[in-house]
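The lines below spell out each chain.
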Amino acid sequence: MQLSDSIKNLLVMFSPPPEITISEHADKYRYLSQEYCAEPGKYHVSRTEYLREIMDSVCDAEIEQTVVMSSARVGKTTAIENILHYYVDVDPAGGILIVQPTKDASDYFSKVQLASMIRDNATLRNKVFSNASDDTLGHKAYPGGSIDIVSAGSPSGLSGKTKRLILCDEVDRYDDSCGEEGDPVSLAIKRSSTFFNRKIILTSTPKVKGSSRIEAAFNSGDKRYYHIPCPHCSTFFNPRWENIKWDKSSDGSIHYPDTAHLECPNCNGRINDAQKNAAVRSGKWISTAESKIRSYHLWEVFSPWRLIQETVADFLAAKNNSETLKTFVNLSLGESFEEKVDVQDSSPLYNRKENWSDILPAGALVLTSGIDVQDDRLAVQVVGWGLNNQSYIIDYKTILGRPDDIQTWQRLDSLLQRKYKHATGNQLSIASAFIDSGGHFTSEVYNFCKDKEMRLVYPIKGQGKDGTPLFSLAKSRNDAGVRLVYCGVNNCKSILYSRLKIEEPEQNGYIHFNSTLDFSYFEELTAEYLAIKYVNGRETREWRKIRARNEALDTYNYALCAVEMLDPDYEFLKSHLHPTIQGEIPNTEKQKQSPALTIVQNNNGWGSSQRW
Ligand SMILES: [Zn+2]
């Protein structure tokens, strides 16, 4: 007589809980097969101590759902097999459903993993039947239940008989919908709904931030992180990627991965691989949120099979390409990846500096400046502009001093009034300067700009919304007596980043860099990236910082807005600056009468005769 599911469930309900835990069971009985295990033979849970609590949470009567968001190479697959082994051997009632992302993955699990596990473990060998009528690739019977191994893409596989234990592996690789039936994870979980003591296990390496199933599941749980004791100060900490350090050359361009080590965030002590592995054996999980769902994050720093320097070497090989970086973040760090659609590497830019000494290159026909105001300093960038949207980074200076100190502004003023020698023998001054007024010192910026509109020195205010024009000048003066320029910063950043990609000096938009610029300038210039973010399923684009300091990026953009507002006639400037064209080297009087003044008057109607 066939027992109905509900009667079976009642029997399961009243069966006493097993006295052995999953980790104890694995330590006692489990043998690892040589086909696919890094260390075949007798299994010892202490080798990957961090898996002990994860496995035991599954057989804890109080816990229904366990989530593991992890990198590769941490022993997750072995943990899944141990869970399976335990439920077949010790607590078989109700059956098991294993969901793999594809048919190939479910076939592999059945043919290779499960088959060799059954062969090498006596406890399974005597129980899992090979009965022709009831033993197929995706179905294995044993006393008390059966294992179904299905693909997340198979509606029939997901809609079969009820199962008490649902194990969904690599959930971030599942399609959004299983045929027309909807979310494969929800469909799988439905199969356990008649069991009050069901077990749900979700595991995966995460993929893209915002659409990652495992990350959403992790965040709905109690978010446990593994903490290890520092061998120097004994403080427990959760090792993060930022705690891994390695040496670099003084200009930051050469990396030495063989110096990689973990650094204690408390005492800054160096922790090598052997010390780290010992600390992992004494580690503990700490939850960071309240939830009935257990959720764990694991990455390869805990793995006994990975040297810290291997992780760093992988990072260095991957970092310059968003596709390889995504793989690194997912598979090594066990974290979801924010799509960085526009990431610029600083090193190639640094390596193409040009040596102009103190003489402006012939192509730079007009100069503008962008100034960023910080609480303890001003950052000043001077950019030359020429034909074909070419730009020349002439100078990048920091004026140390508080913006509420008048001397700081006096130093800026003399910098802005500096004369630059040009390759043609002329002298160029800064034709316009835009100063950020958005920080803590708005009134100081207004004060400085107030009497300098004739010199085209304007306070600016950044506007972060997409679609904002590059710049717009306020129609009237504000209460402080200045006209604000609004600057569409996203627009500016897109222009800058598209220009940074141009590698041929003759090409339209190429940016030339002066040899006097140091590496930190290039780090600041490339301090942001364009991220794709999903809000309610809709894609939005957002600029985000990679590095804390980005003033070089901001000040280039302010200088760009300044020259766009100036709208110079470069052909005209060129013909007036170049002695070969004009037939003579202009004298001082001629310079006073020459280009920017004319250009400015022609295009924008602002009269000024003081700068030339
Ligand atoms: Zn320490």
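Remember, predicted model here, so these are calculated numbers, not experimental data. (Residues numbered from 1 in each chain as written. Predicted model: local features only at pLDDT ≥ 70, side-chain atom pairs only at ≥ 80, totals over all residues. Heavy atoms only, no water.)

S.K.: Would you mind going over the overall build of the protein chain in detail, with residue names and values included?
M.R.: Broken down by element type, the protein chain carries 22 helices and 28 strands. Burial analysis of the protein chain (612 residues in total) assigns 52% to the buried set. For the protein chain, the accessible surface area stands at approximately 27,500 Å², while carbon and sulfur atoms represent 48% of it. (Helix = DSSP H or I, 4+ residues; strand = E, 2+ residues; numbered from the N terminus. Buried < 20%, exposed > 50% of the residue type's maximum accessible area, 1.4 Å probe, protein only. Areas by Shrake-Rupley, 256 points an atom, 1.4 Å probe, with all protein chains shown as cover.)

S.K.: Residue-level account of the coordination of the zinc ion, with values.
M.R.: Bound to the zinc ion on the protein side are Cys 230 (SG), Cys 233 (SG), Cys 264 (SG) and Cys 267 (SG), at distances that span 2.3 Å. Here the zinc ion is ringed by four donor atoms whose angles at the metal span 105 to 112°, and the overall shape comes out tetrahedral. Sequence spacing among the residues donating to the zinc ion works out to C-x2-C-x30-C-x2-C. Placement of the pair is Cys 230 in the loop between strand E9 (224–229) and strand E10 (236–237) and Cys 264 in the loop between strand E12 (255–263) and strand E13 (270–271), with a sequence separation of 34 residues. Summarising the burial analysis for this pair, Cys 230 and Cys 264 share the class buried. (Donors = N, O, S within 2.8 Å, 3.2 Å for Na, K, Ca; no water. Tetrahedral: all angles 85-135°; square planar, octahedral: opposite > 155°, others 65-115°.)

S.K.: Describe the side chain of Asp 413, listing the residues and the values that go with them.
M.R.: Here Asp 413 lies in helix H14 (residues 406–416). A distance of 2.8 Å separates a polar atom in the side chain of Asp 413 from a polar atom in the side chain of Arg 455. With residues up to four places along the chain from it excluded, the contact list for Asp 413 reads Phe 448, Lys 452 and Arg 455. (Polar contact = N/O pair within 3.5 Å; in protein donor to acceptor, adjacent residues only side chain to side chain. Contact = heavy atoms within 4.5 Å.)

S.K.: Hey, could you go over the sheet that holds strand E18 (residues 377–385) for me, with residue numbers and the actual values?
M.R.: The strand order E24-E25-E23-E22-E17-E18-E19-E26 describes an open sheet built from eight strands, whose pairing is mixed. Each edge of the sheet is formed by a strand with only one pairing partner; in this case those strands are strand E24 (471–473) and strand E26 (511–513). Averaged over neighbouring strand pairs, the angle between their axes works out to 30° when direction is ignored. Pairing analysis gives eight bridges linking strand E17 (residues 366–373) to E18, with the strands arranged antiparallel. When the sheet's bridge partners are listed, Gly 370 is paired in E18 with Gln 381. H14 contacts E17, E18, strand E19 (391–400) and strand E22 (430–436) of the sheet and is inclined by roughly 160° relative to E19. The strands that helix H15 (residues 442–450) touches are E17, E22 and strand E23 (457–463); relative to E23, the one it contacts most, it runs at about 145°. (Pairing = 2+ DSSP bridges. Axes fitted to C-alpha atoms, helices over the stretch in contact; angles between N-to-C directions.)

S.K.: If you had to explain helix H9 (residues 213–220) to someone new, which residues and values would you point to?
M.R.: Of all the residues in H9, the buried ones are Ile 214, Glu 215, Ala 217 and Phe 218. All buried residues of H9 lie within an arc of 160° about the axis, which places them on one face of the element. Check the buried side of H9 and you find it contacts strand E3 (65–70), strand E8 (199–204), E9 and strand E15 (294–298). With a side-chain oxygen positioned 3.0 Å from the backbone nitrogen of Glu 215, the residue opening H9 is Ser 212. (Arc of directions from axis to C-beta.)

S.K.: If you had to explain the environment of Asn 238 to someone new, which residues and values would you point to?
M.R.: Looking at the element boundaries, Asn 238 is found in the loop between E10 and strand E11 (244–248). Separated by 11 residues in sequence, Asn 238 and His 227 have C-alpha atoms that sit 4.3 Å apart. When sequence neighbours within four positions are dropped, the list of residues in contact with Asn 238 reads Tyr 225, Tyr 226, His 227, Asn 243 and Phe 302. From its side chain, Asn 238 meets the backbone oxygen of Tyr 226 in a polar contact 2.9 Å long.

S.K.: Can you explain the nonpolar core? Please cite residues and give values.
M.R.: Residues Trp 385, Leu 412, Phe 434, Ile 435, Phe 513, Tyr 521 and Tyr 556 are the most contacted members of the largest nonpolar core, which totals 75 residues. Looking at this core, the element that brings in the most residues is helix H18 (residues 551–566), giving 11 residues. Setting aside residues no more than four positions away along its own chain, Phe 513 makes contact with Leu 349, Arg 352, Lys 353, Glu 354, Trp 356, Ile 393, Leu 500, Tyr 521, Phe 522 and Leu 525. Membership of the second largest hydrophobic core comes to 63 residues, among which are Ile 22, Ala 26, Cys 264 and Leu 316. (Core = buried A, V, L, I, M, F, W, Y, C linked by side-chain atoms within 4.5 Å.)

S.K.: Mind laying out unusual backbone geometry, listing which residues take part and the relevant values?
M.R.: Of note in this structure, Lys 223 is not a glycine but carries a positive phi near 45°. Within the element layout of this structure, Lys 223 appears in the loop between H9 and E9. On the accessibility criterion, Lys 223 (23% relative accessible area) is partly exposed. In this structure, Asn 388 takes a positive phi of about 55° despite not being glycine. Topologically, Asn 388 is positioned in the loop between E18 and E19. Given a relative accessible area of 47%, Asn 388 falls into the partly exposed group.

S.K.: Quick rundown of the sheet that holds E11? Include the residues and the values.
M.R.: Pairing within the open sheet is antiparallel, and its three strands lie in the order E11-E12-E13. If you trace the sheet from one side to the other, it starts and ends with E11 and E13, each paired once. The pairing of E12 with E13 spans two bridges and is classified as antiparallel. Counted as the bridge partner of Leu 262 is Ile 271 from E13. Packing against the sheet, helix H11 (residues 308–318) makes contact with E11, E12 and E13, and its axis sits at approximately 130° to E12.

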